[in-house]
Amino acid sequence: MAVESLSADWEFDRFDDGSQKIHTEVQLKNYGKFLEEYTSQLKAIEEALDDSIGDVWDFTLDPIALKLLPYEQSSLLELIKTENKVLNKVITVYAALCSEVKKLKYEAETKFYNGLLYYGEGVSDTSVVEGECQVQMGRFISFLQELSCFVSRCFEVVVNVVHQLAALYNSNKGATKIIESSGVHFQTVYEHLGELLVVLITLDEIMENHATLRDHWKMYKRLLKSVHHNPSKFAIPEEKLKPFEKLLLKLEGQLLDSMIFQACVDQRFDNPAEGVSVSKNSAFAEEFAQNIRTIFANVESKLGEPAEIDQRDKYAGVCGLFVLHFHIFRTVDKKLYKALLDVCKKVPAVTLTANIIWFSDTFLINKVPAAAKMMDKKSLQAIRTSRDTFLQQKAQTLTKDVQSYYVFVSSWMMKMEAILSKEQRTDKLSEDLSNRCNVFVQGILYAYSISTIIKTTMNLYMSMQRPMTKTSVKALCRLVELLKAVQHTFHRRSLVVADSVSHITQQLQSQALTSISTAKKRVISDKKYSEQRLDVLSALVLAENILNGPSTRERRLVLSLALSVGTQMKTFKDEELLPLQLVLKKLDLISELRERVKVQCDCSFLYWHRAIFPIYLDDVYENAVDAARIHYMFSALRDSVPTMLHAKHMESCEQLLECYDKEIIDVFNEHLLDKLCKEIEKDLRLSVHTHLKLDDRNPFKVGLKDLAHFFSLKPIRFFNRFIDIKAYVTHYLDKTFYNLTTVALHDWATYSEMRNLATQRYGLVMTEAHLPSQTLEQGLDVLEIMRNIHVFVSRYLYNLNNQIFIEKTSNNKHLNTINIRHIANSIRTHGTGIMNTTVNFTYQFLRKKFYIFSQFMYDEHIKSRLIKDIRFFRETKDQSDQKYPFERAEKFNRGIRKLGITPDGQSYLDQFRQLISQIGNAMGYVRMIRSGGLHCCSSAIRFVPDLEDIVNFEELVKEEGLSEETQKAASLLDSVLSDLTSNSAEGTEYFKMLVGVFAPEFRSVKNMHLRNFYMIVPPLTVNFVEHSISCKEKLNKKNKNGAAFTDDGFAMGVAYILKLLDQYQEFDSLHWFQAVREKYMKEMNAVVKEQNVQATSQDEKLMQTMNLTQKRLDVYLQEFELLYFSLSSARIFFRADKTAAEETQEKKDREDVAKADAASSEASVSTESSAK
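Values in this document were obtained by computation on a predicted structure and should not be read as measured data. Counting restarts for each chain: residues are numbered from 1 in the order of the written sequence. With pLDDT at 70 or above as the cut-off, local features in this predicted model cover only qualifying residues; side-chain atom pairs require 80 or more to be listed or tallied, and sums for whole chains, interfaces and linings still use all residues. Computation of side-chain values covers all heavy atoms of the structure but excludes hydrogens and water.

Overview of the overall build of the protein chain
Rule in force here: Strands are runs of DSSP state E lasting at least 2 residues, helices are runs of H or I lasting at least 4, and numbering of each runs from the N terminus. For a compact globule the rule gives 2.2 Å times the number of residues to the power 0.38, and the radius of gyration it is set against comes from C-alpha atoms. Contacts are residue-level and defined by heavy atoms, with any inter-residue pair within 4.5 Å sufficient. Here the Shrake-Rupley method, with its probe set to 1.4 Å, supplies the accessible areas, and only the displayed protein chains count as covering residues.
Of regular secondary structure, the protein chain possesses 45 helices and 7 strands. Computed over its C-alpha atoms, the radius of gyration of the protein chain comes to 53 Å, more than 25% above the 32 Å expected for a compact globule of 1172 residues. Taken along the three principal axes of its C-alpha coordinates, the protein chain extends 170 × 110 × 80 Å. Pairs at least 24 apart in sequence give 79% of the contacts found in the protein chain among residues at least 6 apart. Here the protein chain has roughly 62400 Å² of accessible surface; of this, 54% comes from carbon and sulfur atoms.

So, in C-alpha cells, the structure goes:
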C-alpha cells in the first residue's frame, strides 16, 4: 500500500526532464552496436566454414540432416482393424508377406549384391602374393554361408506366397471360400513376388559374370584337397574336414552354379499334407495369368516413355512370374510370351544392379524352352541384332540427348528454385502444393531417365565388349553430372522440400479420402446385402482409416491391398478410379521422395566404369570454362564408398577404400593437376620472356585457354581429404621457383616477376622465396671473381675510363662484361663485408705476381741489358736532348726475342707485359670494388632526407618510453644509418693500403735489382703498342680470335709499380713519350715531303705505299698517345705528383701540426683555471 501511495504521489508531481529518453537512446545504440558486431562475427564464422565446404555438398558431412521417411510405430495387426474379421486376416497375411519381401530385397541390395560384386577388388594383378586368392576365399566362406541361408529364406517366402494365393483362389468346389474372390485381384502381392524373384535372378547373374569368384573357388577346393592329404600339417582335425567339405559342396550346388532362380521355381509347390493344391488349381492358374497380363499391360505402356519410373524392374519381375507360372502349371500363353520378347526391341537390356545387365530374351528362351521352340528363329535373331542397332543409334544420339536433358534439367532447377523461393499464399495453397508436387515428381522422372540411359549404355558396351568413342564417354559423363545436379538441387533445398512434403502428402491423402468416401456412400446407399458388399464396405472403411495417418510404407501397402478388395463390384466409376490411382502413385513417390532421389541418382556403378575418368578429366582440362562441374563427378565417384563397406574378402574394407582412393587421386593428378601446373608454369614463363619471341602466342591463331577458372573452384572433397586445386598449383609453383632460384640466384628477378604475374593473372597467393637476391645484370659474382682472381685477371681486359671489364674471348656469340652496377648488385647480395675480403684476396694474388716480377727483373740477361741502357742514357742524354732514344727501346724489344719464344710465339717481354697487365687488372678490380661499394651505399641511403642532420632514433624512442625491444631496434637502425653515411661519404682508400703494404719491401736495399724497372718501361710500351694494334686489327677480320679494343690494365700496372718503386721522376727524366712523338712526327714529315716530290711523277703504286706508310705511322702515334693518356690518368690514383720523400715530409708536417694544436689547447685550459 505504501508503495502504491508513494507512486501515486510521485505520479502527481513528476516532471519530465528528458533524461529517461537519453538513457533509452544510449541503450538502444549500445544494443544496435552489439547486434552489428555479433552479425559480423557470425558472418566471419559462416565464411570460415564456407571455405572448407565445397561448391557441392557432401551429404555425409551435413552436421544436421532431415530424415523425411515416416516410420510406422504400430504393428500390422493394429493397423488392420475392421469389423470384418476374415478380411482382416486375409489382408494381414498378404501385408506381412509383402513386408517380408521388401526386407529381403533391402538386405540383398545392401549386403549380398555388394559383397559378391566387390569380391577380388582392391588387389592389383601385379601385387598378388602366392596363396592370396585362397586366403580371400577363406574369409569369404562365412559370407557365402549367410547368403545360402538368405536364399533358403527367399525360397520359403516364395512358396508361402504361392500357397496363400492358391488358398484364396481355390477351384475345388468342396473347399470353403474364405472371401468372395471372383472380382478381387491382389496385384500388389504378385508385384512383390516378382521383386523377390528378381533378387534371385540378380544373384544368378552376379555369379555367372563373376569369373574371379569361380577361379578362387576352384583354387580353394584344390587347397582343401591338399589339406585332406596332410591334415596334421595344417593343424586341422580330420573329423572337422568332412562336414566342411559337405558344406562347400552344398554352397557350390546352391549358389555358384547360377541355378538359384531355377531351384526356386523347381520347388514342389503342392503340399497335400497341408491340403494345399497349387498345380491343379485352375482358378489360381487363371488368376495368376490374369495378374501377369495386367501388370505387363501397365508396364509395357510406360516403357521408354518420359513418365517411366520403375517399369523396367517390374518388367524383370513379370518375366520371373511368367517362368514361375510355367513351372507350376506347365502351360504357356504364347501371345504373352511373344509380347514379353517383343519388349526387348524397346528395352534391349535391364540393369539389375551396378554393372550387372540382364537380357530378358536369353532368360525367357533358357527358362521356357518349350515356348522358345515354337518361336521363329529369325525373330529371335532380330532381337539380338536390335541390341547392336540400339548401341549404334545411342552412340549417334547421345550428344543430342545430353543437350536436351541439359535444357530440361536446367529449366527444372530454375522451376524448383522459383517455386520454393516464393512465399506460399494461403488463398492459393492447394494450387501451390499441387505445383510443387508436380515439380518434385518431374525431378524424379528426369533422374530416372538419365540414370537409365547411363547405366544401360555403359553396361551394354561393357557386356558386349564394344569400344566406346570419346564423344560418347564425354556425353555420358555430362549425364552423370546432370544426375548429381538433380540430387543436389533436392538436397540444397531440403528444408523447403521437407516442409512441402508433409503438406503435399496431406493434400494427396485428403484427395484420396474424398474419392473413397464418395464410393463408400454409393455402397451404403445400395440396400442389397451380400457378403461381397460387406467385404467392399469393410475394405473402404479400412482404406479410410489407413489414410487418416502418416503416409508410411506399411500403411500404403495395406491401402493398396484394401483397395484391391474395395474396387470390385464397380464401386468406383472409371473416371473416378484413374484419378485415385494417379493420386496414390504420387503419394508413393512423394512419401519416399528423398529415398527415391537417392536411389535414382546413385552412381556407385561408376566404380566398374572408372576407366572413363581420365578421358573425363582431359575433357574438363580442355574446356576449363565450366570446371565447376568436376564437383559433381567427384560426388558421383564417392557414391561407391558406402557400397564398398560391405566387401568381405579383405581383412578390412579400409584396404579396398584406400586402393580406390589412391587410384582416383593418381589419375586426377596425372590428367589434371600436373598438366595444369605445367601449363601455368609454361604460360608464366612465356609471358615473362615475350621479348625472346619464342613462339606464336596470338590467341586469334593458336587459341586461348583460360585456366583461371580452375582457381575459382572451391576445394573438392574426396574421402577424408580436400583437394584444393589452387593450393596445389600454388605449392607446385612455389617449390619450382624456389628450387630454380637456388640453382641460379641471378634469376630471382625473373621468378619474382612470374610470381607477381601468377597473382595478377590467376589470383594465386605466392610465397616469397627469401633467398639472397641477385640481379639479372649481376654478371660474374664478386665471390666467384674473388675465388678465381688469377683466372679473372688473365681472361678479362680493363677499360680505365668507363670502369668496365670485358671478356677477352668466349665460346658463345657474346662477351661478358662487368661494370660498377654489377659489382654494386653483388655487394648488395652479400653485404659490404665482402669488400675487405676481396681486397685481402687481391693482396695475396699480388704477392704471388710480384715474386714472378722480381725473378724476371733479377734475370742476368734482363738486368745486364737494363744496366747497359741506363749507363748509355746517362752518357748520351746531353746529346739526345734528355730524351731516351726510340731506336734503343725498339732494339731491346727485338733483342729479347733472341732469348727464346714460347710455342704460341710469345717472347719473354710479351709475358712480362702480360704480368704487368694482370697486376694492373687486379688494381682496376680493387678500384671497381670501391666504386661499387659507394654505389651500393648511396642507393641504400637515398631515402635518408639529409645526410648532414640524421636524427637519433634511440633517443626519440627513449623519450617516448617505448618497450625495450623497440629501443634495441632503434639503436640498430642508428648504427646502420651511421655505417651507411660513413661508407657513402668516405669509402676506404684501398690503393693507399696496397701501396703502403708493398712499397717498403720494393724500396728496400735487398731488392735493388727492381730499381732498373723504369728503364724497361719504354721497350714495354713499344711491345704493348705493337700488341694493341694487332688486336685492334683483328676486330675487322672474320676470325676474331685474340681481338680486343682496350687493355688499360697495362697502364694501371706500370703506374702502380712505378709508385711502389718511387720512380715517377726517374721515368719522367727519360722524356720517353716526347721522344716517341718527335720520332713519329719526323717520319711523318719525311713521308709528306716524299709525297710532294713524287706527286709530279704520278707513280700510283709508290703513292699507295706512301699513303699506307703515313696511315701506319698515324696509327702508331695515336696508340702511343692513348697509352700516354691512360698512364697519366692511372698515375693520378697513386698521387704521382709527390715522391716518397715528399709524402713522408707531408705526413711529418701533419703530425707536427696536430701536436701543436693539442699543446695550445692544453695551455688555454691551464690559463683559464689560473684566472679563476
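There is more to say, and it comes next.
Points about the pattern of salt bridges
Side-chain pairs of opposite charge can arise where the charged atoms are in close proximity. Cut-off, in case you're wondering: Just to be clear on terms, a salt bridge is a Lys or Arg side-chain nitrogen sitting within 4 Å of an Asp or Glu carboxyl oxygen. The rule is simple: take the accessible area with a 1.4 Å probe, protein chains only, and divide by the maximum for that residue type; under 20% is buried, over 50% is exposed, in between is partly exposed.
Within the structure shown, the criterion is met by 50 salt bridges. A salt bridge links Arg293 to Glu286; the nearest nitrogen and oxygen atoms lie 3.1 Å apart. Under the relative-accessibility criterion, Arg293 is labelled partly exposed at 31%. You can call Glu286 partly exposed: its relative accessible area is 45%. Glu417 serves as the salt-bridge partner of Arg493, at 3.5 Å between the closest nitrogen and oxygen. Within this pair, whereas Arg493 is found in the loop between helix 17 (470-492) and helix 18 (494-525), its partner Glu417 is found in helix 15 (residues 377-421), the two being separated by 76 residues in sequence. Looking at Glu417, the relative accessible area reads 22%, which means it is partly exposed. Overlapping salt bridges bring together Asp310, Arg553, Arg556, Asp588, Glu592 and Arg596 as one network.

As for empty space enclosed by the protein
Empty pockets left among the atoms are what a rolling probe the size of a water molecule brings to light. Going by this rule: Points on a 1 Å grid over protein atoms alone make up a cavity when a 1.4 Å probe fits among them but cannot get out, and a pocket when they form an open set with protein on both sides within 12 Å along at least five of seven lines; lining residues each have an atom within 4 Å of a point. Grid points are joined across faces, edges and corners, and a volume is the space filled by probe spheres set on the points. In this count, Pro and Cys sit with the nonpolar residues alongside Ala, Val, Leu, Ile, Met, Phe, Trp and Tyr, while Asp, Glu, Lys and Arg are called charged and the others, Gly among them, polar.
Taken as a whole, this structure holds 3 cavities of 30 Å³ or more when the rule is applied. The space that makes up the largest cavity amounts to roughly 70 Å³. For the largest cavity, the full set of lining residues is Leu797, Phe1024, His1027, Ser1028, Cys1031, Ala1044, Phe1045, Thr1046 and Asp1047. Residue classes in the lining of the largest cavity are distributed as 5 nonpolar, 3 polar and 1 charged. Reported here for the second largest cavity is a volume of approximately 50 Å³.

Some details on the sheet that holds strand 6 (residues 804-807)
Stated formally: Paired strands, as defined in this entry, are two strands with at least two bridges between them according to DSSP. Lines fitted to C-alpha atoms define the axes here, with helix axes fitted over just the stretch in contact, and angles between the N-to-C directions of these axes take values from 0 to 180 degrees.
With respect to topology, 3 strands assemble into an open sheet ordered 5-6-7, the strand pairing being antiparallel. With partners counted over all chains shown, the strands left at the sheet margins are strand 5 (796-799) and strand 7 (817-819), one partner each. Within this sheet the neighbouring strands show an average axis-to-axis angle of 20°, counted without direction. With 3 bridges connecting them, strand 6 and strand 7 associate as antiparallel partners. When the sheet's bridge partners are listed, Phe805 is paired in strand 7 with Ile818. Its contacts with the sheet put helix 36 (residues 908-940) on strand 5, strand 6 and strand 7, and the angle it makes with strand 6 is roughly 130°.

So, the packing of helix 34 (residues 860-876) against helix 35 (residues 886-897)
Stated formally: We call two directions roughly parallel when the angle between them is under 35 degrees, roughly antiparallel when it is over 145, roughly perpendicular when it lies between 65 and 115, and oblique otherwise. Crossing handedness follows the turn of the near helix against the far one: under a right angle anticlockwise gives a left-handed crossing, and clockwise gives a right-handed one.
Helix 35 packs onto helix 34 with a crossing angle of 170° between their chain directions and a minimal axis gap of 12 Å. Taken together, the axes of helix 34 and helix 35 lie roughly antiparallel to each other. Every pair of crossing elements has a handedness; the one defined by helix 34 and helix 35 is right-handed. Only Arg888, Phe892, Gly895 and Ile896 of helix 35 make contact with helix 34, whose side of the interface consists of Ile862, Arg865, Leu866, Lys868, Asp869 and Phe872. Of the residues that constitute the contact of helix 34 with helix 35, the class distribution is 5 nonpolar, 1 polar and 4 charged.

Observations regarding the confidence of the model for the protein chain
Put simply, the test is: Values of pLDDT, which run from 0 to 100, indicate the predictor's confidence residue by residue.
Per-residue pLDDT for the protein chain averages 86, and the proportion of residues at 70 or more is 92%. Put simply, helix 1 (residues 2-13) is where the protein chain has its lowest mean pLDDT, 45, and helix 6 (residues 187-209) is where it has its highest, 96. Predicted confidence is poor over residues 50-56, with pLDDT under 50, and the contacts of this stretch with residues over four places away or in other chains come to 14 contacts.

Remarks on helix 6
Our working definition: A helix is expected to reach a length of 1.5 Å times the quantity of its residues less one.
An ideal rise of 1.5 Å per residue puts 33 Å on 23 residues; helix 6 measures up with 33 Å between its terminal C-alpha atoms. In terms of residue burial, helix 6 counts as a mostly covered element, since 19 of its 23 residues are buried.

A word on the nonpolar core
Stated precisely, the cut-off is as follows: Definition used in this section: a nonpolar core is a set of buried Ala, Val, Leu, Ile, Met, Phe, Trp, Tyr and Cys residues joined via side-chain atoms within 4.5 Å.
Within the largest apolar cluster, 233 residues are counted, with the highest numbers of intra-cluster contacts made by Phe668, Phe710 and Ile725. When residues in this core are grouped by element, the largest group, 18 residues, is from helix 5 (residues 132-168). Residues contacting Ile725, with those up to four places away along its chain left out, are Phe668, Leu672, Leu673, Leu676, Phe710, Phe711, Leu713 and Ile716. Phe792, Val793, Ile834 and Val839 belong to the second-largest nonpolar core, a separate cluster that totals 89 residues.

Remarks on the pairing of strand 5
Residues Tyr796 and Tyr798 point to one face of strand 5 and Leu797 and Asn799 to the other, with burial holding for every one of them. Pairing analysis gives 4 bridges linking strand 5 to strand 6, with the strands arranged antiparallel. In the sheet register, Tyr798 faces strand 6, and the bridge partner there is Phe805. Counted between consecutive antiparallel strands, the loop separating strand 5 from strand 6 contains 4 residues, among which Gln803 sits at a positive phi close to 50°.

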